[in-house]
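A closer look at the structure
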Amino acid sequence: MSLRIGAALGVLLFCLTIAAPAPAQDGVQHLAFSYGPLKIAPGRNTMEWAITQQRPAVDGWIVGFRANLQRSDGSVPRGDVIHLHHGVWMKDFAPLFAAGEEKTHTTAPPGYGWRYRTSDAWRMIHMIHNLTPDPDAVFITYEIDFLPDGAPLAQGIQTIETAWLDTVGGAYPVFDAKRGSGGSDRRFTYPDEAKAAPRPTWTVPQDGALVGTGGHLHPGGLWTDLKLTRDGRSTRLFRSKAIYHEPAGAVSWDVSMTVTPSDWRVQLRKGDVLSVSGTYDTKRASWYESMAIMPAMWVPGGTGADPFTTNVDVNGRVTHGHLPENDVHGGGRMSGLANPLELLSRPVPGKREV
């Protein structure tokens with residue numbers, strides 16, 4: 001599988017700058033952009049393309065990226081009502097950044113960044129869920145941490161390319177994790193435990209290094225694993241775990257994913273093969289159209305630790321904790337409807353049905 005993966009996550013590129021560049025003391029500019037308003041139909045769950053010219057105005061390096069949704073008043077919609085399900089920002093048809101409902105922040109390690117030129121063609125795919133019976137409107141927002149050419153920190157910076165790694169491949173990379181599947185532990189790992197399922201791989205084109213990664217899952221997901229195979233030997237490079245803030249556990253969007261520490265470096269050789277798997281909890285429910293994706297920060301010519309002599313499979317870190325838009329966990333009388341547990345289950349004796 002090449003770095004030019006066909007749109008595997010739906011998300012966004014945007015059109016309206018909402019904050020002027022604000023140089024920080026460290027030389028990094030924090031730029032904010034917005035696309036919209038997008039009219040969201042009731043029950044919407046569709047992927048759409050967009051093209052935008054709203055991005056940094058000069059050449060430089062992107063060192064951070066964060067995505068979200070907002071209403072026109074600046075508020076963030078509740079995650080259980082409307083959310084950015086997933087999406088991909090693409091440069092010249094190659095995946096650049098991705099975001100999902102877990103809203104993981106993407107941050108390059110110090111000394112690394114994504115090369116940006118004003119001549120690049122930016123596109124996005126976005127999928128927004130409207131889980132209500134009413135139409136609505138939202139803006140897709142994103143923040144970019146940016147080093148313009150000429151900034152002191154831009155000197156000697158190493159170029160990151162995004163290696164797109166997922167469990168399915170193709171334009172809509174989903175699979176089903178059915179209740180009770182996955183053996184006695186009721187944890188289903190795809191594609192390992194899926195009969196005759198292909199395993200998409202990425203073959204490293206030249207010597208280099210990975211300097212970061214993190215996973216994307218849907219509700220019910222527990223972790224994604226990144227594995228390296230070389231000369232018939234395999235080793236796990238990193239497990240990106242889902243940290244659920246939801247009191248009921250792995251059943252909602254209220255989750256953070258762990259990513260690699262900022263000093264994580266893994267040496268790769270030309271011909272190495274990388275693959276990803278995703279594990280879901282199937283004790284309580286089936287999870288249809290699930291995903292397990294791990295975009296990785298690939299540095300051609302970079303250096304790092306040999307994963308066969310050094311333990312690089314370390315504990316990760318979360319980029320944020322519980323988000324206020326995910327405060328609602330169900331169980332209340334927010335709809336105004338009667339509690340179905342208190343309703344009659346059969347006609348009252350002596351009453352005549354009409």
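Everything below is about the structure printed above this text.
Residues numbered from 1 in each chain as written. Predicted model: local features only at pLDDT ≥ 70, side-chain atom pairs only at ≥ 80, totals over all residues. Heavy atoms only, no water.

1. A short note on the overall build of the chain
What counts is decided by this rule: In this text, helices come from DSSP runs of H or I with a minimum length of four residues, and strands from runs of E with a minimum of two, each type numbered from the N-terminal end. Contacts were defined at the residue level, with two residues in contact if any of their heavy atoms lie within 4.5 Å.
Each helix and strand counted, the chain has zero helices and 26 strands in total. The long-range share in the chain, meaning contacts at least 24 apart out of those at least 6 apart in sequence, stands at 81%.

2. Examining the side chain of Asp 145
For Asp 145, the location among the structural elements is in strand E10 (residues 136–148). Once you skip the residues sitting within four places of it in the chain, Asp 145 turns out to touch Val 28, Gln 29, His 30, Trp 61, Ile 62, Val 63, Gly 64 and Arg 66.

3. A look at the pattern of salt bridges
Note that side chains of opposite charge can pair when their charged atoms are close. Note the threshold: Each reported salt bridge corresponds to a side-chain nitrogen of Lys or Arg within 4 Å of a carboxyl oxygen of Asp or Glu. Residue exposure (1.4 Å probe, protein chains only): buried if accessible area is under 20% of the type maximum, exposed if over 50%, otherwise partly exposed.
According to the stated counting rule, one finds twelve salt bridges in the structure shown. Put simply, Arg 115 and Asp 149 hold a salt bridge, and the shortest N to O gap is 2.8 Å. Taken together, the residues Arg 115 in strand E8 (residues 112–116) and Asp 149 in the loop between E10 and strand E11 (158–159) connect sequence positions 34 residues apart. For Arg 115, a relative accessible area of 18% corresponds to the buried category. Asp 149 sits in the partly exposed class, given a relative accessible area of 39%. Between Asp 192 and Arg 199 there is a salt bridge, with its nearest N and O atoms 2.2 Å apart. Residue Asp 192 is classed as partly exposed on the basis of its relative accessible area of 47%. When its relative accessible area of 30% is taken as the criterion, Arg 199 is described as partly exposed. Salt bridges linked by common partners bring Arg 66, Glu 143 and Asp 145 together as one network.

4. A word on the sheet that holds strand E12 (residues 161–163)
The line we're drawing: Note: two strands are recorded as paired if DSSP finds a minimum of 2 bridges between them. Working convention: axes come from line fits to C-alpha atoms, limited for helices to the stretch in contact. Angles between N-to-C directions cover 0 to 180 degrees.
Strand order in the open sheet made by the four strands is E12-E25-E16-E21, with antiparallel pairing throughout. For this open sheet the edge positions go to E12 and strand E21 (266–268), each flanked by a neighbour on one side alone. Sheet twist, expressed as the mean angle between neighbouring strand axes with direction ignored, is 40 degrees. Of the strand pairs in this sheet, E12 and strand E25 (residues 296–300) are connected by three bridges, and their pairing is antiparallel. Bridge assignment links Ala 163 to a residue of E25, and that residue is Ala 296.

5. What about the nonpolar core?
The condition that has to hold: The criterion is simple. A nonpolar core is a set of buried Ala, Val, Leu, Ile, Met, Phe, Trp, Tyr and Cys residues joined through side-chain atoms within 4.5 Å.
Grouped together as the largest cluster of nonpolar side chains are 40 residues, with contacts concentrated most on Ile 62, Trp 89, Trp 114, Ile 128, Ile 144, Leu 147 and Ile 160. Those elements that provide at least two residues to this core are strand E2 (29–40), strand E4 (60–70), strand E5 (82–91), strand E6 (94–100), E8, strand E9 (122–130), E10 and E25. The contact partners of Leu 147, leaving out residues within four places of it in the chain, are Gly 27, Val 28, Gly 60, Trp 61, Val 63, Leu 153, Ala 154 and Ile 157. Core analysis: the second largest hydrophobic core is formed by 18 residues, Leu 226, Val 266, Met 294 and Trp 298 among them.

6. Observations concerning empty space enclosed by the protein
Going by this rule: Only protein atoms enter the 1 Å grid used here, on which a cavity is any set of points holding a 1.4 Å probe that cannot leave and a pocket is any open set flanked by protein within 12 Å on both sides along at least five of seven lines; residues with an atom within 4 Å of a point are listed as lining. Grid points are joined across faces, edges and corners, and a volume is the space filled by probe spheres set on the points. Basically, the charged four are Asp, Glu, Lys and Arg, the nonpolar ten are Ala, Val, Leu, Ile, Met, Phe, Trp, Tyr, Cys and Pro, and anything else, Gly included, counts as polar.
A full pass over the atoms with the stated rule returns three cavities of 30 Å³ or more. Lining the largest cavity are 30 residues, and of these His 105, Thr 106, Thr 213, Gly 214 and Pro 295 sit closest to its centre. Looking at the lining of the largest cavity, the elements that each hand over two or more residues are E6, strand E7 (106–107), strand E16 (208–213), strand E20 (255–259) and E25. Broken down by element, the lining of the largest cavity gets its largest block of residues, five residues, from E6. Of the residues belonging to the lining of the largest cavity, the class tally is 14 nonpolar, 14 polar and two charged.

7. Observations regarding the pairing of E20
The buried fraction of E20 amounts to five of the five residues, a majority that puts the element mostly inside the structure. Residue alternation in E20 divides its side chains into two sets, Val 255, Met 257 and Val 259 and Ser 256 and Thr 258, and both sets are buried. Of the pairings in the sheet, the one linking strand E19 (residues 233–244) to E20 comprises three bridges and is antiparallel in character. Across the sheet, Ala 242 pairs through a bridge with Met 257, a residue of E20.

8. A word on unusual backbone geometry
A cis amide bond links Gly 36 with the next residue in sequence, Pro 37, at an omega value of 5 degrees. Mapping Pro 37 onto the fold places it in strand E2. In this structure, Pro 191 follows Tyr 190 across a cis peptide bond, with omega equal to 10 degrees. Looking at the element boundaries, Pro 191 is found in the loop between strand E14 (187–190) and strand E15 (202–203). Of note in this structure, Ala 196 is not a glycine but carries a positive phi near 60 degrees. Of note, Ala 196 is situated in the loop between E14 and E15. Judged by its relative accessible area of 77%, Ala 196 falls in the exposed class. Phi at Asp 231 is positive, roughly 50 degrees, even though this residue is not glycine.

9. Some remarks on the layout of surface pockets
Empty space within the largest pocket amounts to approximately 210 Å³. What lines the largest pocket is a set of 14 residues, among which Arg 66, Ala 67, Asn 68, Thr 141 and Glu 143 lie closest to the centre. Sorting elements by how many residues they give to the lining of the largest pocket places E4 first, with four residues. Taken together, the residues of the lining of the largest pocket sort by class into six nonpolar, five polar and three charged.

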